[in-house]
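Here is what each chain is made of, one letter per residue.
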Amino acid sequence: MPLPTVNQPKTAQPGQPPQGLKEEPHPPQVDGFKIKAKLVKGKLKDLVNLLRSISFLEIAPEKDVLNVLYVESRDINKNPYLFSIIKIKEDGLDVLYTIPPEIGPNKRRIDVIKYLLNVLTLIEGSYQLDQKTLYQLVENAIKELTSSVTMDYTKLFTSYDNLKKEVDDYKKRVDRLTEQSQALTSQNYELKTKNDELTLRVKQLEGLSESALRAKLQEWVAEHNGNISINEFAKLYNVSDARVEEILNKLVNEGYLEVVQ
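Residues numbered from 1 in each chain as written. Predicted model: local features only at pLDDT ≥ 70, side-chain atom pairs only at ≥ 80, totals over all residues. Heavy atoms only, no water.

Caption draft 1: Structural detail: the overall build of the protein. Summing up its helical and strand segments, the protein has seven helices and six strands in all. Along its sequence from the N terminus, the protein presents helices and strands in the succession β-α-β-β-β-β-α-β-α-α-α-α-α. Burial statistics for the protein: of 261 residues in total, 28% are counted as buried. Across the protein, every contact between residues at least 6 apart in sequence was considered, and the portion connecting residues at least 24 apart equals 61%. When the accessible surface of the protein is totalled, it reaches about 18,400 Å², and 52% of it is carbon and sulfur. (Helix = DSSP H or I, 4+ residues; strand = E, 2+ residues; numbered from the N terminus. Buried < 20%, exposed > 50% of the residue type's maximum accessible area, 1.4 Å probe, protein only. Contact = heavy atoms within 4.5 Å. Areas by Shrake-Rupley, 256 points an atom, 1.4 Å probe, with all protein chains shown as cover.)

Caption draft 2: A look at the pattern of salt bridges. Applying the stated criterion across every chain yields a total of twelve salt bridges. Among the salt bridges present, the one from Arg 214 reaches Glu 254, with a minimum N-O distance of 2.4 Å. Here Arg 214 is found in helix H5 (residues 210-223), whereas its partner Glu 254 is found in the segment after helix H7 (241-253), with 40 residues between them in sequence. Using a relative accessible area of 44% as the deciding quantity, one classes Glu 254 as partly exposed. (Salt bridge = Lys/Arg side-chain N within 4 Å of Asp/Glu carboxyl O.)

Caption draft 3: Looking closely at the packing of aromatic side chains. Counted by the stated rule, this structure contains five aromatic pairs. Note on Phe 33 and Tyr 97: the rings are 6.2 Å apart at their centroids and 55 degrees apart in plane angle, and the pair reads as tilted. Taken together, the residues span a long stretch of sequence, with Phe 33 in strand E1 (residues 29-39) and Tyr 97 in strand E5 (residues 92-99) at a distance of 64 residues. Accessibility assignment for this pair places Phe 33 and Tyr 97 in one class, buried. When the ring of Phe 56 is compared with that of Tyr 70, the centres are 5.3 Å apart and the planes differ by 40 degrees; the resulting orientation is tilted. Of this pair, Phe 56 sits in the loop between helix H1 (47-51) and strand E2 (58-62) while Tyr 70 sits in strand E3 (residues 65-74); the two residues are 14 residues apart in sequence, bridging distant segments of the chain. Classification of Tyr 70 as buried rests on a relative accessible area of 3%. (Phe/Tyr/Trp six-rings, centres within 6.5 Å; stacked < 30°, edge-to-face > 60°.)

Structure follows, in structure tokens:
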């Protein structure tokens, strides 16, 4: 038979308050309930070995009563603080439990009922609960828990819902900005590539040194009977028209060439 799912008890460290408690914790409230049940096999003492399969449960048999103690946490003095006691009898059981200030009574009752059902799975072959009483207990606990949901919770949920929508909107904006950023990055890469090509082209056009270009211009003029087509020359030597004009002006100013009207 599988063990019930129950949280391990928590013990406060010496000199420190237990988790979730203030340095001066207020005494917890005590509540409880009863459920009709019956022992259908053996005696109460026969249930002890079954229940002791859960190491953190404390079993204390009495006359006609089997006490099952579950200490979930202790106070700074190591006294039980958050705990529950199941008093198993042949004709029913009583459950007593503490309710600390930091836990709502309705939620605490639901937790105790869940724990109780888990524990009772260990002895279900020998001990049976009255299903009608159990259903009424669970139904009432759920109703009380549901009714405790106030407008404060509704406002909180509305606020959460609005914040969730804002987060979703921001995510969409981030996605759009990411796409735009990727597009700009691609465009920037293309522009850089084009700029590199143009820079290389300029270097190619300006490949001839000034002295070499001066000599080529003088040769051209001599070979073409004193005439020069700036555009043809520029294309032939892969230089710009502006540079050809600049060198021609220098040659004229320095007296190497003469402009004939």
